[in-house]
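# Observations on chain architecture
Okay, here's what each chain looks like letter by letter:
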Amino acid sequence: MTTEDPPVGELPGLGARLREHRQAARLTLEAAAARAGLSPAYLSRLETGRRQPSLPVLLSLARLYGATVAGLLGEEPGAPDPVVRGGAIEPSRTGGWGYRRAGAPGMAMQALRVQIPPGLQDAVVRVHAGEEWLHVTRGLLRLTLGETEYHLEPGDSAQFDSLTPHRFAAEGTGEVELLFVHTLLQSPASDLCLPVPSTRSGPSSTGVH
């Protein structure tokens, strides 16, 4: 990354909201980064809009700040409406991850449509309280649960306890689109993350978990 990197135009205000939530939690940049398993430099780039977080990073920050993913994305609850209309997911220019709300905000289960770009590898395995469910709608997904690796095709689904160490990435050269649902349970375990030895770049340079 350099100072000439373009800002994330598809998620306006995300960086500012991340900074506001961190300050409201009375956490320094260093303290928040440590609890989320990130480097301070990477978290700073997220807060200035120079990088876009991957889904696991976004979930970690939401749990850390006691917020919802929808809230961080600027989609606060309005008038009750059980219907969420579809639309195209626009990937960011600085990380490639794309998000679109697929359920009502403020509920115990949060639903998202997620777009995962190819070529980005995981550097951290996430461990936290709750449950997760995903359904692949396009592309090939590599899902790692504990020591087991799964390869999911369009139409395949997975559901697991989030206390199982997990990570996922796009297989091959194509991007992946999936429906993703997670619960908002929080516990001390939500701060856990396990480093994975890798020769590939981690969150400080790629924005992946």
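Residues numbered from 1 in each chain as written. Predicted model: local features only at pLDDT ≥ 70, side-chain atom pairs only at ≥ 80, totals over all residues. Heavy atoms only, no water.

## What to know about the overall build of the protein chain
- Broken down by element type, the protein chain carries six helices and 10 strands.
- Counting every position in the protein chain, which comprises 209 residues, the buried fraction comes to 47%.
- Carbon together with sulfur atoms contributes 53% to the accessible area of the protein chain, which is approximately 9900 Å² in total. (Helix = DSSP H or I, 4+ residues; strand = E, 2+ residues; numbered from the N terminus. Buried < 20%, exposed > 50% of the residue type's maximum accessible area, 1.4 Å probe, protein only. Areas by Shrake-Rupley, 256 points an atom, 1.4 Å probe, with all protein chains shown as cover.)

## Topic: helix α4 (residues 55-65)
- α4 sits mainly inside the fold: 11 of its 11 residues count as buried.
- Looking only at α4, the buried set comprises Leu-55, Pro-56, Val-57, Leu-58, Leu-59, Ser-60, Leu-61, Ala-62, Arg-63, Leu-64 and Tyr-65.
- After α4 finishes, the residue Gly-66 shows a positive phi value of roughly 65 degrees.

## A word on the pattern of salt bridges
- One pass over the full model with this rule turns up five salt bridges.
- Arg-22 is the salt-bridge partner of Glu-47, the closest N and O atoms lying 2.6 Å from each other. Of this pair, Glu-47 sits in helix α3 (residues 40-47) while Arg-22 sits in helix α1 (residues 14-24), and the two are 25 residues apart along the sequence.
- Judged by relative accessible area, Glu-47 falls into the buried class, the value being 6%.
- Linking Glu-149 and Arg-142 is a salt bridge whose minimum nitrogen-to-oxygen distance equals 3.8 Å.
- Connected via shared salt-bridge partners are Arg-138, Glu-175 and Glu-177. (Salt bridge = Lys/Arg side-chain N within 4 Å of Asp/Glu carboxyl O.)

## Some details on α3
- Turning to α3, its buried residues are Tyr-42, Leu-43, Arg-45, Leu-46 and Glu-47.
- Looking one or two residues past α3, Gly-49 carries a phi angle of roughly 80 degrees, positive in sign.

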